[in-house]
Amino acid sequence: MFKNYFKTAFRNLQKNKTASAINIFGLTIGLTCCLLIALYIQHELSYDNFQANGDRIARIIMEYNFNGSSEKGKGNYTSVRVAAVFPKVFPEVESAVKMTQYSRVVHYGDKLIDEKKFMYADSTFFSVFSFPLLQGDLHTALSNAYNVVVTQSTAKKYFGIENPVGKSLQVGDDGNLYQVTGVMKDCLPNSQIQCDFVASFSSLGIAKESEDIYWDANYTTYLLLKNKDNIATLQAKLPAFMKKEMEGQGATVNFYLEPFTSIHLHSDYDSFVPNNNIAYIYILAAVALFILIIACFTYINLSTARSLERAKEVGVRKVIGAGKKQLFLQFLGESAIICIAAVIFSLITAVLLLPAFNELTNEQLHADALFSVSFISFSFIVAIIVSVLAGIYPAFVLTGFQPVKVLKGSFKNNGSGQALRKSLIVFQFAISVFLIVSTFIVQQQLYFIQHVKLGYNRDHVIVLPLDDKMKNNLAVIKQQFKQNADVLSVSACSNSPVEGGGGFSMRSAFMPADQQMTVTADRVDEDYVNTVGLQIIAGRNFTMQDIKDASNDDYQKNSFHFIITESAAKQLGWTAQEAVGKKMFLGNERPGIVAGVVKDFHFESLHTPIKPFVLFPENWKREVLVKVSGAHLQQTISYLESNWKTLVPHRPFEFHFLDEDYDKLYGSEIRLGTIMNLFAGIAIVLACLGLFGLSAYTVQQRFKEIGIRKVLGASVSNIVVGLSKDFILLTCIAILIAVPAAWWASAKWLQGFSYRTSVTWNVFAAAALATILLAVITVSFQAIKAAIANPVKSLRTE
């Protein structure tokens, strides 16, 4: 029996190749989108699920502020004291590991590579985290200074087929030799800890006295708890403990615990890879669901559009004894075949499109996952659900035809069926308009991000590394670079304006020593202001003498000058003009004079409001910024590289542009915008296919009516308008439903930005006009075809 159902179904699908192809195409596109998005979501939700202790690990977030300051500093940093003290004081803590990651130049044989993922960690690293060692002892691999464990791919890169354990690598500009004590498996793509080297933390040579203070917070600390339920218990103890610890220090410090497994999607603070946002995961899941719904509705409309073609077939089958159940199963079988075919094609399409999708999402998703048991099961469960949901209504309509009326030619469509089909079109276009409006607003915000005045100029600024060995030769490097006419300015700094700076305290000379304000500050030289284009509104820029006065390692011998922002001046109680010449303190160890005031600038992302900022001269710098004209860019870079190899032979020439760092601040938003562009386009195409089906159905229903109107003198334009106006009305209803929902959702998304674009009426008008135009074009195809048909043919048709 079932064999006969499928044989008949195949024959009908072959007979109606065009309709079958459109149905399969629509469902294939919808399912392909779902598979790719599901693969991405699965990857994001799987972050760190391989960590055996994952539910017992917590990351520490530090929050601090100084007495008298309303500003608080907060981030995923701590001093070395936390890892030393917490396991001893709190019984809930089994162990702790402090970590940091730097860029380090590694030299071995003829290889000289600037490694970006060089991590330093305590000896407890391998007992807290699940990174299996292929060689070496996880308990002793990091027990001594200048021990290093390399990943499997790194070992192959440096040592080939040789055994790396026991060999030495020259690391950093100071040329220290690090002994390889182990080889670990490469970090999985879904790990928030990504490294190529793990060196012993003691190699950093941090003074023992640092364990006595909570400042100098430059490291990430993780706690391994004895029980996963200990997070809440320990968190409750921390405020009282830290209040006692900070007593009499003129500041408050508190710590918050983040469950390790929730960091990637729920934390405001990146780990060793950029975080994602759970809200964007929900958005993508909703988009996938919407596209699948549109694909199903398109199938329903295209299937019911063919109901008149198959009405006589149903009538004949009923007359010769076919029961309603048999017909129902036959049409469901056709639906199942189409859905199974769509699943097979969608799996193939997903594999073919995966490289492009990886580039779009900046992830390393593998096709193997698509053919896992879970994914294949998911695909066919979706196919079954879709075949039932998409096929049940057409099957119900077709099996409900009365054979007598059909065979007499008096069959007419019922009103409830028309209402349902029109409702599907409204729903499809409402989803499409919602996605289009949302996409427009996301793109508008991205345009705003790219073109907003930041207070500095990020264009044509090349960023190069600066190490201790280069500092003695910095003046020569700068002078040589500026010999090129296309090099406008060269500066050294601790952090670029995109990266911001470190957390400091500040106070004016009139404030008590125990009252400090929280501020972000950066170490710069005399060319920094001009190189990044900060605008001085009062006072002057730094001079070479200012740099020399602050260059002694002994702070007691230094005299400082500061350039502060408008917000910093205001926080200290001054106007920009009043601030110049005033005495202030950056921390208690840096007394100095305000030399100038610059306009506020965005040193953090537009998600956060502008905060006070201080620039000051000091030796500790790690980047060189080269401002170029932009003309002859390739030749300029070649010039810099040639001079770099001569002046800085101990490290490779590697650079990037400042605007690339800026774009990284909005990586999640840029990916979301690109994905929304793609899937909004797919949604509208599928919706138009559904509208195409319904318009074809309508033309079939009114075929004789159109012939009569033509005989009575109706023009082609009259007929086209008559057939189109109902569909345009449906589209307008969809727009009225979608626009308020899209406005609400977009406004809520924009609230995550302190600086954002304004949502204006023209966005909604553009989306509405684009949708109406597409609807008109789609419907006009069928309407014009019907209007120009020979009326004699329609009037002769039974």
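Details of the structure are given in the entry above.
To start, this report covers the structure provided alongside it. Since we're looking at a predicted model, the values are computed, not measured. (Residues numbered from 1 in each chain as written. Predicted model: local features only at pLDDT ≥ 70, side-chain atom pairs only at ≥ 80, totals over all residues. Heavy atoms only, no water.)

1. Quick notes on empty space enclosed by the protein
Link 1 in the chain: This structure, assessed with the given rule, holds two cavities of 30 Å³ or more.
Link 2 in the chain: Estimated volume of the second largest cavity: approximately 80 Å³.
Link 3 in the chain: Lining the second largest cavity we find Tyr-40, Asn-276, Tyr-280, Leu-284, Ser-668, Arg-671, Leu-672 and Ile-675.
Link 4 in the chain: Contributions of two or more residues to the lining of the second largest cavity are made by helix H8 (278–305) and helix H22 (667–701).
Link 5 in the chain: The element best represented in the lining of the second largest cavity is H22, accounting for four residues.
Link 6 in the chain: In terms of residue class, the lining of the second largest cavity is built from five nonpolar, two polar and one charged. (1 Å grid on protein atoms, 1.4 Å probe; cavity = no way out; pocket = protein on both sides within 12 Å on 5 of 7 lines; lining within 4 Å. Points joined across faces, edges and corners; volume = space filled by probe spheres on them. Helix = DSSP H or I, 4+ residues; strand = E, 2+ residues; numbered from the N terminus. Nonpolar A, V, L, I, M, F, W, Y, C, P; charged D, E, K, R; others polar.)

2. Notes on the side chain of Asn-275
Link 1 in the chain: Looking at the element boundaries, Asn-275 is found in the loop between helix H7 (263–266) and H8.
Link 2 in the chain: The exposure class assigned to Asn-275 is buried, which follows from its relative accessible area of 9%.
Link 3 in the chain: Of the polar contacts made by the side chain of Asn-275, one reaches the backbone oxygen of Ser-267; its length is 3.4 Å.
Link 4 in the chain: With residues near it in sequence (within four places) discarded, Asn-275 still touches Ile-263, His-264, Ser-267, Tyr-269, Asp-270 and Ser-668. (Buried < 20%, exposed > 50% of the residue type's maximum accessible area, 1.4 Å probe, protein only. Polar contact = N/O pair within 3.5 Å; in protein donor to acceptor, adjacent residues only side chain to side chain. Contact = heavy atoms within 4.5 Å.)

3. What about helix H20 (residues 633–647)?
Link 1 in the chain: Compared with the 21 Å implied by 1.5 Å per residue over 15 residues, the 21 Å span of H20 between its first and last C-alpha is a close match.
Link 2 in the chain: Among all positions in H20, only Thr-636, Ile-637, Leu-640, Asn-643 and Trp-644 are buried. Looking straight down H20, one finds that the buried residues subtend no more than 130 degrees of arc, so they occupy a single side. Projecting away from the buried face of H20 at angles above 90 degrees are the exposed residues Gln-634, Gln-635, Lys-645 and Thr-646.
Link 3 in the chain: Elements that come into contact with the buried residues of H20 comprise strand S12 (461–465), helix H14 (468–471), helix H15 (474–481), strand S13 (487–493), strand S21 (623–628) and strand S22 (656–657). (Expected span 1.5 Å × (residues − 1). Arc of directions from axis to C-beta.)

4. Thoughts on the packing of helix H3 (residues 80–89) against helix H6 (residues 230–245)
Link 1 in the chain: Close contact between H3 and H6 brings their axes to 14 Å; oriented N to C, the two are set at 120 degrees. One element, H3, and the other, H6, form an angle in the oblique class. You can see that H3 and H6 cross each other, and the crossing is right-handed. In contact with Arg-81, Val-85, Phe-86 and Val-89 of H3, H6 contributes Leu-238, Phe-241 and Glu-245. (Axes fitted to C-alpha atoms, helices over the stretch in contact; angles between N-to-C directions. Parallel < 35°, antiparallel > 145°, perpendicular 65-115°, else oblique. Left-handed = near helix turned anticlockwise from the far one by under 90°.)

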